[in-house]
Amino acid sequence: MMLDNETLFSENQAVTASANSTDVYDSGANGSRIGAGEPLCFGTLVTANFATLTSLTIQFVGADDAALTTNVEILDQSEAVLLADLTAGERVFAGKLNLTKNKKRFYGFKYVVGGSNATLGTVTSYVDLQQNEHQYYPNAYNVQTN
């Protein structure tokens, strides 16, 4: 899968406590019609194993400010993803968005940690034109041959 830097909200972002994505999308003062004509897909991949938390819930949100704190609207949300499933290479949140009726100016992801804060774990979250059903592998994996 190839991703455009302009559509990445988090790239290998460490999530050790509840946090927002490192980047947000600004639809402009007049609120452009995101996804007009074709729904957009989104996804979140675990890029490094998590440790010590109980679960992680991922939200795609719209808000009136870049800090994603004013008039926040949750547009889609994952189930609580348990620690055992937060392993490198796993896609833990994916779906399609149709934001043509949403009038928020800023969009981004929120990561909500359940239980203790994580001591390890990173994610990459993105928006793309298509959802790929490929198997993702962690970076720096080794392939052994006999």
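On a predicted model such as this, the values are computed, not experimentally measured, just so you know. (Residues numbered from 1 in each chain as written. Predicted model: local features only at pLDDT ≥ 70, side-chain atom pairs only at ≥ 80, totals over all residues. Heavy atoms only, no water.)

Draft legend 1. Spatial organisation of the overall build of the protein chain. Regarding its fold elements, the protein chain presents 0 helices and 10 strands. Residue burial in the protein chain is summarised as follows: out of 146 residues, 42% are buried. Across the protein chain, every contact between residues at least 6 apart in sequence was considered, and the portion connecting residues at least 24 apart equals 80%. Entry remark: accessible area of the protein chain is about 8300 Å², with carbon and sulfur atoms responsible for 47%. (Helix = DSSP H or I, 4+ residues; strand = E, 2+ residues; numbered from the N terminus. Buried < 20%, exposed > 50% of the residue type's maximum accessible area, 1.4 Å probe, protein only. Contact = heavy atoms within 4.5 Å. Areas by Shrake-Rupley, 256 points an atom, 1.4 Å probe, with all protein chains shown as cover.)

Draft legend 2. Structural view of the nonpolar core. Phe-50, Leu-56, Leu-86 and Phe-109 are the most contacted members of the largest nonpolar core, which has 22 residues in total. When contributions to this core are tallied by element, the ones reaching two or more residues are strand S4 (40–51), strand S5 (55–63), strand S8 (91–97), strand S9 (106–114) and strand S10 (120–128). (Core = buried A, V, L, I, M, F, W, Y, C linked by side-chain atoms within 4.5 Å.)

Draft legend 3. Seen up close, the packing of aromatic side chains. Taken as a whole and assessed by the stated rule, the structure comprises 7 aromatic pairs. Here the aromatic rings of Phe-9 and Phe-60 are separated by 5.9 Å at their centres, their planes lie at 80°, and the arrangement is edge-to-face. Taken as a pair, Phe-9 in strand S1 (residues 8–14) and Phe-60 in strand S5 lie far apart in primary sequence, 51 residues in all. An aromatic cluster of at least three residues, connected via ring pairs, comprises Phe-9, Phe-42, Phe-60, Phe-93, Tyr-107 and Phe-109. (Phe/Tyr/Trp six-rings, centres within 6.5 Å; stacked < 30°, edge-to-face > 60°.)

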